[in-house]
Amino acid sequence: MYDYLKGQVTRITPEFIVLEQHGIGWQLHTPNPFAFRTSALEQQIYVHLHVREDAQVLYGFPNLDQRELFRKLILVSGIGPKGALAILATGNPQQVISAIEREDEAFLVKFPGVGKKTARQMILDLKGKLGSLLDTLELPSAEHELPLFGVNPYKHELEEAILALMALGYSEKELEKIRPQLEDNDKLETTDAFMKQALQLLLKIK
């Protein structure tokens, strides 16, 4: 029904962004809302309309390939839209596709809501069907450096990232384990950067 929307991002929350188009504010749930910036410039966002008995929800993605991977993931039994967003929020879909192709269940179960049964189902349903996406995915940069010791002044951005990760399904206990490393990393200045580093750390500790 919808392919993409063009408009101005006017609001960012831990769960969704608002894209204004001709006086209408579209609420778009995205893998990482803080990857976007509020701006007067027009932005194009690819969308997916998910219809339930009690709601119609729009999901937004910065590029076509992320949306197509999202659509593949929600076809897997045990993975809903929220779970698919949590997987895509790592900022590196290539890791997910590679894990599926390698049948790496140990990596897949690190995502919130993905147990061994769901990981096996992902492999059964998607292995060999994601090759075209692997070749063309537009991958955002990710933080790979080890944290530096220091005092990070960007407390507000850190708290926004924590709230966004909780919205994706990560528990407070899991996030408290990595909070000290985030606070000590003085290279992190934006909510998006905090989220990317946090997701990398979460994938390592499970």
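Up top is the structure.
Residues numbered from 1 in each chain as written. Predicted model: local features only at pLDDT ≥ 70, side-chain atom pairs only at ≥ 80, totals over all residues. Heavy atoms only, no water.

Student: Sorry, what's going on with the environment of Thr 38 here?
Tutor: Among the secondary structure elements, Thr 38 is positioned in the loop between strand S3 (24-29) and strand S4 (43-51). Distance in space between the C-alpha atoms of Thr 38 and Gln 8 is 7.3 Å, their sequence separation being 30 residues. (Helix = DSSP H or I, 4+ residues; strand = E, 2+ residues; numbered from the N terminus.)

Student: Where do I start with the layout of surface pockets in this structure?
Tutor: Where empty space is left can be seen by rolling a probe of water-molecule size over the atoms. In this model, the second largest pocket occupies a volume close to 180 Å³. The wall of the second largest pocket is formed by Pro 14, Glu 15, His 29, Thr 30, Pro 31, Tyr 59, Lys 82, Leu 85, Ala 164, Ala 167 and Leu 168. Counting only elements with at least two residues in the lining of the second largest pocket, the list comes to helix H2 (81-88) and helix H7 (155-167). (1 Å grid on protein atoms, 1.4 Å probe; cavity = no way out; pocket = protein on both sides within 12 Å on 5 of 7 lines; lining within 4 Å. Points joined across faces, edges and corners; volume = space filled by probe spheres on them.)

Student: Honestly, the nonpolar core in this entry has me stumped. Any pointers?
Tutor: One broad trend across soluble globular proteins is that nonpolar side chains are buried collectively. The biggest cluster of nonpolar side chains holds 49 residues, and the ones touching the most others in it are Leu 73, Leu 108 and Met 122. Here this core takes eight residues from helix H9 (residues 191-205), the largest share from any one element. For Leu 108, the residues in contact, after removing those within four places along its chain, are Val 96, Ala 99, Ile 100, Val 114, Ala 119, Met 122 and Ile 123. (Core = buried A, V, L, I, M, F, W, Y, C linked by side-chain atoms within 4.5 Å. Buried < 20%, exposed > 50% of the residue type's maximum accessible area, 1.4 Å probe, protein only. Contact = heavy atoms within 4.5 Å.)

Student: Any chance you could explain the sheet that holds strand S2 (residues 16-21) here in plain terms?
Tutor: Whether parallel or antiparallel, the strands of a sheet pair through hydrogen bonds between backbone atoms. The sheet built from five strands closes into a barrel, its strands ordered S1-S2-S3-S5-S4 with mixed pairing. When strand polarity is set aside, the average angle formed by the axes of neighbouring strands in this sheet is 55°. Strand direction decides the pairing type here: S2 and S3, joined by six bridges, are antiparallel. Within the sheet, the bridge partner assigned to Phe 16 lies in S3 and is His 29. Seen against the sheet, helix H1 (residues 64-73) touches S4 and strand S5 (56-61) and runs at an angle of roughly 10° to S4. Against the sheet, H2 makes contact with S3, S4 and S5, and its axis sits at roughly 15° relative to S5, the strand it touches most. (Pairing = 2+ DSSP bridges. Axes fitted to C-alpha atoms, helices over the stretch in contact; angles between N-to-C directions.)

Student: Help me understand the packing of aromatic side chains, please; the structure alone is not making it clear to me.
Tutor: For any pair of aromatic rings, geometry is given as the distance between the ring centres together with the angle between the planes. The tally for this structure, following the rule as stated, stands at five aromatic pairs. Arranged with centres 5.9 Å apart and planes meeting at 70°, the rings of Tyr 4 and Tyr 46 form a pair that is edge-to-face. Within this pair, whereas Tyr 4 is found in strand S1 (residues 4-12), its partner Tyr 46 is found in strand S4, the two being separated by 42 residues in sequence. Note on Tyr 46: relative accessible area 17%, which makes it buried. Measuring from centroid to centroid gives 5.3 Å for Tyr 59 and Phe 70, while their planes differ by 35°, and the two rings are tilted. (Phe/Tyr/Trp six-rings, centres within 6.5 Å; stacked < 30°, edge-to-face > 60°.)

Student: Quick question: what am I supposed to make of the packing of H7 against H9 here?
Tutor: Packed helices, taken two at a time, are described by the angle their axes make and the gap between the axes. The N-to-C vectors of H7 and H9 enclose an angle of 55°; their axes lie 8 Å apart at closest approach. Classified by the angle between their axes, H7 and H9 sit oblique to one another. In the crossing of H7 with H9, the sense of the turn from one axis to the other is right-handed. Contact with H7, carried on its side by Glu 157, Leu 158, Glu 160, Ala 161, Ala 164 and Leu 165, involves Thr 191, Phe 194, Met 195, Ala 198 and Leu 199 of H9 and no other residues of that element. (Parallel < 35°, antiparallel > 145°, perpendicular 65-115°, else oblique. Left-handed = near helix turned anticlockwise from the far one by under 90°.)

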